[in-house]
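Chains, contacts and geometry: an overview
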Amino acid sequence: MNATNHTLIMKKTIFFFKFLIIIILFCSCQDEGDNNDYTTIISSDGRVTHIQASKGTYADRIEISWKAVSGISQYNIYRSFKEESDYELIGTASDTSYNDTAVLIDNTYFYRVRSSDEDGLSDFSQYDTGYLQIETPEYAYSNQWGSDGTGDSEFAYPEGIAIKNGKIYVIDRNNHRVQVFSEDRTFLFEFGSYAFPPGDGTFYYPSGIAVDDWGYIYIADQGDRVQKFDASGSFVTSWGTPGTADGEFNYPSDIAIDKSNDIYVIDQGNHRVQKFSLNGTFIKTWGENGSDVGQFIQPRCLAIDNEGFVYVSSWAKVQKFTSDGVFVDLWGNENTTSTMIGGIFKSPWGIEIDSKGYIYIVDKTLPAIHVFTSQGVLANAFSLDSTEFSYFAISSTNDLILTDFNNHKIHIWTKQ
């Protein structure tokens, strides 16, 4: 064999091995599903199984769950638009579920999970698909209770309402008290009385109410403060005075608590939202008088979803913010007609969020209920009767419980 042939054979051999290495690497990447992932693989015993992704269950998220792996305290969650490749790491979890909120309606996503420990990552789990789906929540009028008066189950201009741990809490505004009922509407107890200037445990036209996970009750009133009570209605503490500085109020009209147990208060007369700890320590504020994004004209009510986004109703619109007050989105416009138009408001007031992530907004003046996804897609809108409803809550069975301010009653609309 001459030198020329020998050199040619060597070149072909080198090319062949280079090509083989490229093929092996390519197949390995495809099998792993993510080109930028760790290369260390722990034993096959750590591989995640029983992965499930929700399919149209929620309007605001896809929930991914899986079976726990013994000895594992962290899991990596991956998403792709393809079945077998291009998986990207989207988050980690210490338990066996994860909510993916960075998803869009009408898309199908593929999910895989890997367990992680000090030795590295397991192989990928099998995939499962998940997607969002908009349903059209339908409601029918069901029942009512209450009448004008000062006795048990009687009201004088009821406003704020909250449902927590099987109890319904109703602000009985002009009776300057809170009435507490079971979810079957049985009267349980009341607390509060009139005083001006209001003292500890007394009220001066209360309006907004919220209840935390431990049963503590938070109430805002026109005494320009927030009061905290225990589950039996005994006074615990209060904060706030009239004014415009941090921690001061000018007619606080609504109050809500997020999953991190921070408190948000609508400071209506100061055209802003204020954020506090559970014990009243001021954290931050945002908003000012105006009609631009991030501004308010006498904001009315607010609600907070599972991801911490804050929804605030103001004149003819609803705005969405992060928990730090960063503007995200705006819904609605002024309805100048006398007819309900889905997604267009006359006077948006109370806001509530159901277990599937739908945002409900009551339009007080027309009146009507507008239902949106967290992405601002209108899911449904339906007229109520001629009563002007302002505040409402959603029960454990997703019924709407609305306070009827002018007629001194509570109305129930049942989900169909």
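To be clear, the structure that these remarks concern was listed above.
In this report, the structure presented in the accompanying data block is examined.

Rules used throughout
- Residues numbered from 1 in each chain as written.
- Predicted model: local features only at pLDDT ≥ 70, side-chain atom pairs only at ≥ 80, totals over all residues.
- Heavy atoms only, no water.
- Helix = DSSP H or I, 4+ residues; strand = E, 2+ residues; numbered from the N terminus.
- Contact = heavy atoms within 4.5 Å.
- Areas by Shrake-Rupley, 256 points an atom, 1.4 Å probe, with all protein chains shown as cover.
- Polar contact = N/O pair within 3.5 Å; in protein donor to acceptor, adjacent residues only side chain to side chain.
- Phe/Tyr/Trp six-rings, centres within 6.5 Å; stacked < 30°, edge-to-face > 60°.
- Buried < 20%, exposed > 50% of the residue type's maximum accessible area, 1.4 Å probe, protein only.
- Lys NZ or Arg CZ within 6 Å of the ring centre and 35° of its normal.
- 1 Å grid on protein atoms, 1.4 Å probe; cavity = no way out; pocket = protein on both sides within 12 Å on 5 of 7 lines; lining within 4 Å.
- Points joined across faces, edges and corners; volume = space filled by probe spheres on them.
- Pairing = 2+ DSSP bridges.
- Axes fitted to C-alpha atoms, helices over the stretch in contact; angles between N-to-C directions.

**Brief notes about the overall build of the chain**
Regarding its fold elements, the chain presents 1 helix and 32 strands. Across the chain, the fraction of contacts at a sequence separation of at least 24, relative to all contacts at a separation of at least 6, is 50%. Approximately 18,800 Å² of the chain is accessible, and the part contributed by carbon and sulfur atoms is 48%.

**Here we look at the environment of Ser 80**
By the secondary structure assignment, Ser 80 is in strand β3 (residues 74-80). Each C-alpha atom of the pair Ser 80 and Tyr 109 lies 6.0 Å from the other, and the pair is 29 residues apart in sequence. Excluding its chain neighbours within four sequence positions, the residues that come into contact with Ser 80 are Ser 85, Asp 86, Tyr 87, Tyr 109 and Phe 110. A polar atom in the side chain of Ser 80 sits 2.6 Å from the backbone oxygen of Ser 85. From its side chain, Ser 80 meets the backbone oxygen of Asp 86 in a polar contact 3.4 Å long.

**As for the packing of aromatic side chains**
Two measures describe an aromatic ring pair: the distance that separates the ring centres and the angle between the ring planes. Evaluated as defined, the whole model comprises 32 aromatic pairs. Geometrically, the ring pair formed by Trp 331 and Phe 372 is stacked, given 4.7 Å between the ring centres and 20° between the ring planes. Of this pair, Trp 331 sits in strand β25 (residues 327-331) while Phe 372 sits in strand β28 (residues 368-372); the two residues are 41 residues apart in sequence, bridging distant segments of the chain. Look at Trp 331 and you get buried, because its relative accessible area is 4%. In this structure an aromatic cluster arises from ring pairing among Tyr 139, Tyr 141, Tyr 360, Phe 382 and Trp 413. Looking at Lys 228, its charged tip hangs above the ring of Tyr 216, at a distance of 4.7 Å from the centre.

**Details of the layout of surface pockets**
In this approach, a probe sized like a water molecule rolls over the atoms, and the result shows the empty space that is left. Taken as a whole, the largest pocket encloses approximately 1,000 Å³ of empty space. Lining the largest pocket are 37 residues; nearest its centre among them are Ile 163, Lys 164, Ile 304, Glu 352 and Ile 353. Elements supplying a minimum of two residues to the lining of the largest pocket: β10 (158-164), β14 (206-211), β18 (252-257), β22 (302-304), β26 (348-353) and β30 (389-394). By residue number, the principal contributor to the lining of the largest pocket is β10, which donates 5 residues.

**Section: the pairing of strand β11 (residues 167-172)**
Burial of β11 is extensive: 5 of the 6 residues sit out of reach of the surface. Two strands pair when backbone bridges link them, and β10 and β11 are joined in this way by 5 bridges, in the antiparallel orientation. In the strand pairing of β11, Ala 162 is matched with Tyr 169. Once β10 ends, the chain turns through 2 residues before running back antiparallel as β11, passing Asn 165 with a positive phi of about 55°. Here 6 bridges tie β11 to strand β12 (residues 177-182), and the two strands are oriented antiparallel to one another. Each residue of the ladder has a partner; that of Val 170, found in β12, is Gln 179. Hairpin connection from β11 to β12: 4 residues lie between these consecutive antiparallel strands, with His 176 at a positive phi of about 55°.

**Description of the side chain of His 411**
Note on placement: His 411 falls in strand β32 (residues 409-415). By relative accessible area, which is 4% here, His 411 ends up buried. A polar contact of 2.8 Å, which involves the side chain of His 411, links it to the side chain of Asp 404. Each residue touching His 411, except ones within four places of it in the same chain, is listed here: Tyr 141, Asn 143, Gln 144, Phe 389, Leu 400, Ile 401, Leu 402 and Asp 404.

**Re the sheet that holds strand β23 (residues 310-314)**
Strand order in this open sheet of 4 strands is β22-β23-β24-β25, and the pairing throughout is antiparallel. Single-partner strands in this sheet number two, and they are β22 and β25. Across the sheet, the mean angle from the axis of one strand to that of its neighbour is 20°, orientation sign disregarded. Pairing of β22 with β23, which is carried by 3 bridges, proceeds in the antiparallel orientation. For Leu 302, the partnering residue across the bridge sits in β23 and is Val 312.

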